[in-house]
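# Chains, contacts and geometry: an overview
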Amino acid sequence: MTNLFVRAGALLLLMAVLAAPLRAELVKDLYSGQTPVSDRSQAELGRAAREALSQVLVKVSGSTEVLGLPGIAEALEDALAQSRQFSYARTDDPEQPLAARFEFSQRWVSGLLNAAGAPLWTANRPAVLLWLVQDTPEGRQFVNRETAPELVRRLERDFEARGVPLRFPLYDLTDAAALSPGQAWSLNEVSLRQASQRYRVDEILAGRLSQLSGGLWLGDWAYLSARERIDRSASPEPVDAFLDAGVALVAEDMAARYAVAASGAPASGVAMRVSNVRSYADYAAIVSWLEGLELIDHANVEHISGNRLQLRLLAQADASQLASIIELNRRLVPVTTAAVSGELNYQWQN
């Protein structure tokens, strides 16, 4: 059995299709940014590169505050030289038909954030389910692609800019029976969580908004995270500001929980034990998933005994920091608390 495990390397990619169901999704394009440009001049390209790098730094750190940290302003001035590649693309916006897209090195961005003392948020991130009700002349309606396509496009763009996966309900007969617009308007936590159970998410954002005379909007947000409820009320403001507040509420809270600053992780690595590993498929899924996390450089197998797998994680974070990220995997169930034991101890759920 041990020899079979040792020969794992060549087959890890094949077995990755057996990866565990997650509380999180893999966010793509974390290290790329795109912004409209007025022309193809060098000056405009340099400005666009700075804006694109700003987007990347906010996505990877999880917070807009990163842009004010020491060393970041200087790095932004060097954005064009540091981009791995750039390209121009046509957009669907007739007022801004041309955009420039830039890609930056993950290693360089991570090093920049580490030097600035900023946290890193891995690409494995929880999705948030959004229930948003708008008060219209026709009555209260859920915001979806049919009732308010512009609001949906704006929300999708803003959540993508913060690197948070966004999901909308299906609004089918099952949803209609579980939650009406009137019920959602009350922002009742019990009703919202019950209606969201079918989507298997731990993060729920609910909102209500109505338009006032003069073009301003009034509304409220309720963020039901995996650990608590956070409420935000908005003064009369433009609709873009209201939507931005909801996006920021989710992104900032998630980043506070899951983004970690590089710490003095022990040079010997972090010990991790996983029990109930009963097959090579289990082993391959665990190691492949762990090594896909940005903060983990290697997940080295130290020992296999029966159904117990002993690993040594060479990482950029300590045990307690890694635990908050690893536990996004529903099949890795914690047995002890990392902050107490100093090591990671999980049971694999088949």
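The rules behind each value
- Residues numbered from 1 in each chain as written.
- Predicted model: local features only at pLDDT ≥ 70, side-chain atom pairs only at ≥ 80, totals over all residues.
- Heavy atoms only, no water.
- Helix = DSSP H or I, 4+ residues; strand = E, 2+ residues; numbered from the N terminus.
- Rg over C-alpha atoms; globule rule 2.2 N^0.38 Å.
- Buried < 20%, exposed > 50% of the residue type's maximum accessible area, 1.4 Å probe, protein only.
- Contact = heavy atoms within 4.5 Å.
- Areas by Shrake-Rupley, 256 points an atom, 1.4 Å probe, with all protein chains shown as cover.
- Phe/Tyr/Trp six-rings, centres within 6.5 Å; stacked < 30°, edge-to-face > 60°.
- pLDDT = per-residue confidence, 0-100.
- Pairing = 2+ DSSP bridges.
- Salt bridge = Lys/Arg side-chain N within 4 Å of Asp/Glu carboxyl O.

## Quick look at the overall build of the protein
From N to C terminus, the protein includes 14 helices and 16 strands. Taking 20 Å as the expected radius of gyration for a compact globule of 350 residues, we find that the protein reaches 22 Å, a close match to that expectation. Viewed in the frame of its principal axes, the protein has a C-alpha envelope of about 70 × 55 × 35 Å. Residues classed as buried in the protein amount to 47% of the 350 residues present. At a minimum sequence separation of 6, the contacts of the protein that also span at least 24 residues come to 65%. Accessible surface, the protein: about 16900 Å² in total, of which carbon and sulfur atoms supply 50%.

## Focus: the packing of aromatic side chains
All chains considered together, the criterion is met by eight aromatic pairs. Ring geometry for F142 versus Y171: centroids 4.9 Å apart, planes at 35°, classification tilted. Taken as a pair, F142 in strand β7 (residues 139-142) and Y171 in the loop between β8 (166-167) and α8 (173-178) lie far apart in primary sequence, 29 residues in all. Given a relative accessible area of 10%, F142 falls into the buried group. Y171 sits in the partly exposed class, given a relative accessible area of 22%. Three or more aromatic residues joined by ring pairs make a cluster, and in this case those are F86, Y88 and F102.

## So, the confidence of the model for the protein
Residues of the protein with pLDDT of at least 70 account for 91%, and the chain-wide mean is 89. Segment residues 1-21: pLDDT under 50, and 26 contacts once partners within four positions in sequence are set aside and those in other chains are kept.

## A short note on unusual backbone geometry
For D29, which is not a glycine, the phi torsion comes out positive at approximately 60°. You can call D29 partly exposed: its relative accessible area is 45%. Unusually for a residue other than glycine, L187 sits at a positive phi of about 55°. Inspection of the secondary structure assignment puts L187 in the loop between α9 (181-185) and α10 (189-196). Here L187 falls in the buried class, since its relative accessible area comes to 5%.

## Comments concerning the pairing of strand β14 (residues 308-315)
The pairing of strand β12 (residues 270-275) with β14 spans five bridges and is antiparallel. Within β14, the position partnered with A271 by the bridge is R312. Across eight bridges, strand β13 (residues 296-305) lies against β14 in antiparallel orientation. In the sheet register, H298 faces β14, and the bridge partner there is L314. Hairpin remark: β13 followed by β14, antiparallel, with two residues in the connecting loop; positive phi at G306, about 60°.

## Considering the environment of L30
With respect to the helices and strands, the residue L30 is situated in the loop between β1 (24-26) and β2 (32-36). Along the chain, L30 and G68 lie 38 residues apart, while their C-alpha atoms are 20 Å from each other. Beyond its immediate sequence surroundings of up to four residues, L30 is in contact with V56, K59, V60, W121, T122, A123, R125, G163 and E294.

## Thoughts on the pattern of salt bridges
Per the stated rule, a full pass over the model turns up 21 salt bridges. Between R273 and E343 there is a salt bridge, with its nearest N and O atoms 3.4 Å apart. Note that R273 is positioned in strand β12 and E343 in the loop between α14 (338-341) and β16 (344-348), a separation of 70 residues in sequence. Given the relative accessible area of 25%, R273 is considered partly exposed. Each of E203, R227, E228, D253 and R257 takes part in one network of salt bridges that share partners.

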